[in-house]
Each structure stands twice: as C-alpha cells, then as structure tokens.
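Structural features, examined
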Amino acid sequence: MSSNILTATDALNRLINGIDKTTLETELIASGWTSTPAKGGSKSGQGTIWTSVDAQCSVRIMTQRDGSSYVRVYNGPGGGAPGEEPLNSLGKPGSRRDSHFILLP
C-alpha cells in the first residue's frame, strides 16, 4: 500500500499518476481524512468531500450519471467553499479546466 495522503500535494501526486475512485477513497480513509456528502448539480452528479486531518485542504470526488468520476483538490477544508480555490497539478490555484482530474475506471 502507498504512504499516507497527508497534504494537497500528496493527493495531487496520486491524481497525476492515475488512480481509481475506490483506491483513492481507501487511501483517504487509511490516512484519517473525514468525509461529508457534496452537493452536486445535474452535470456533476453525486459526490463526497474529504477533509484532511489538519483541515488544511480537501478533495471533492464527484461521480457523474454515466459512472465516471472526477476530482478537485482545494486549498481549504470545505471542498470548494467560499474563499477556497481549486488547485492545479502544480498545487497552485488553477482554472476550472486545469483543476479537474479524471479518475481511472
């Protein structure tokens, strides 16, 4: 098993290298992250917000109607709450396009 996911950088590295939803969620649980349901729209589908142990970052996983899933990593604990920014692959605030990571099937 991989090392713990402790930071936004750890989460981004998993996404950049390619990971599926089940493995990502298993690693977040093993790392002590807490989950809450995410509000999704008609396009984004159902989701979960995972908050880091130190509440410094969050990972929002959304599963669309077709079963595909994507992730956004945020620089705060709320999974995109006001004042939080989505992060790109460099760990910097990014655009909508470069801050969506598609999970492996």
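Here we summarise the structure given alongside this text. Source: prediction; values computed, not measured.

1. Describing the overall build of the protein chain
A count of helical and extended segments in the protein chain gives two helices and five strands. Along its sequence from the N terminus, the protein chain presents helices and strands in the succession α-α-β-β-β-β-β. Its C-alpha atoms give the protein chain a radius of gyration of 12 Å, near enough to 13 Å, the size a compact globule of 105 residues would have. Across its three principal directions, the C-alpha atoms of the protein chain cover 35 × 30 × 25 Å. Here the analysis covers contacts within the protein chain between residues at least 6 apart in sequence; of these, 36% occur between residues at least 24 apart. Accessible area for the protein chain stands at about 6,000 Å²; split by element, carbon and sulfur atoms hold 52% of it. Charge centroids of the protein chain, computed over 10 positive and 9 negative side chains, lie 9 Å from each other.

Reading the values: rules and limits
- Residues numbered from 1 in each chain as written.
- Predicted model: local features only at pLDDT ≥ 70, side-chain atom pairs only at ≥ 80, totals over all residues.
- Heavy atoms only, no water.
- Helix = DSSP H or I, 4+ residues; strand = E, 2+ residues; numbered from the N terminus.
- Rg over C-alpha atoms; globule rule 2.2 N^0.38 Å.
- Contact = heavy atoms within 4.5 Å.
- Areas by Shrake-Rupley, 256 points an atom, 1.4 Å probe, with all protein chains shown as cover.
- Lys, Arg positive; Asp, Glu negative; His and termini not counted.
- Charge placed at Lys NZ, Arg CZ, Asp CG, Glu CD.

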